[in-house]
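What follows is each chain in one-letter form.
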Amino acid sequence: VYTWGDEIRFGIEGNSGPYRGKGWSGPHRRVTWNNGDRASLRFLIQPSEEDVRLEMEFIPCIYPEKHTLQRVRVSANGTALAEWETDAKKRYLFSVVIPKVVLSTPELVLHLEFPDAVRPASIGAGGDRRKLAIALGWVRMSLAGEPGGR
């Protein structure tokens, strides 16, 4: 069972294995790349009576002058939460509130959609044939009323 406030790390030495659903490549040193147009994260949770703040740190798959936009659409248990847009190859930290009504069951499934995922090999940016959008570094969910949950 996921403990609110715990950080899930996505590198080789991370702890993301039990949470990664479909749509992920194997972990790299400090990140895990998606592979495809969508990916999921699955959590067993204690149902919450308050909103939860979801935070994600990732690096988008951006190639200047070749592929300059990555969007990430986030939903929780089928409820759309946010669309994040990136335009530079750097670390981004995004956050969004998950309403408590979505957290009333013992399972939380986060769906990530990547409408701008790209195969680097298809745009002359190396030989990688995976369909990439983000290299996920970490995820954390905190009760919105807790310090750090803001």
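All figures in this text were calculated on a predicted structure; none of them were measured in a lab. (Residues numbered from 1 in each chain as written. Predicted model: local features only at pLDDT ≥ 70, side-chain atom pairs only at ≥ 80, totals over all residues. Heavy atoms only, no water.)

**Let's talk about the pairing of strand β8 (residues 92-98)**
Only one face of β8 is buried: it carries Tyr92, Phe94, Val96 and Ile98, and the other face, with Leu93, Ser95 and Val97, is open. As paired elements, strand β5 (residues 52-60) and β8 share seven bridges and run antiparallel to each other. For Val52, the partnering residue across the bridge sits in β8 and is Ile98. (Buried < 20%, exposed > 50% of the residue type's maximum accessible area, 1.4 Å probe, protein only. Helix = DSSP H or I, 4+ residues; strand = E, 2+ residues; numbered from the N terminus. Pairing = 2+ DSSP bridges.)

**Details of the packing of aromatic side chains**
Each aromatic ring pair is characterised by the separation of its centres together with the angle its planes make. Applying the stated criterion across every chain yields a total of 10 aromatic pairs. Ring geometry for Tyr2 and Trp4: centres 5.8 Å apart, planes at 80 degrees, overall edge-to-face. For the pair Tyr2 and Tyr19, a centre-to-centre distance of 6.3 Å together with 90 degrees between the ring planes defines the contact as edge-to-face. Taken together, the positions of Tyr2 in the segment before β1 (7-9) and Tyr19 in the loop between β1 and β2 (24-27) put the pair 17 residues apart, joining distant regions of the chain. A relative accessible area of 4% places Tyr2 in the buried class. If you follow Lys89 out to its NZ or CZ, it ends over the ring of Tyr63, 4.9 Å from the centre. For Lys90, the ring lying beneath its charged end belongs to Tyr92, and the centroid distance is 5.1 Å. (Phe/Tyr/Trp six-rings, centres within 6.5 Å; stacked < 30°, edge-to-face > 60°. Lys NZ or Arg CZ within 6 Å of the ring centre and 35° of its normal.)

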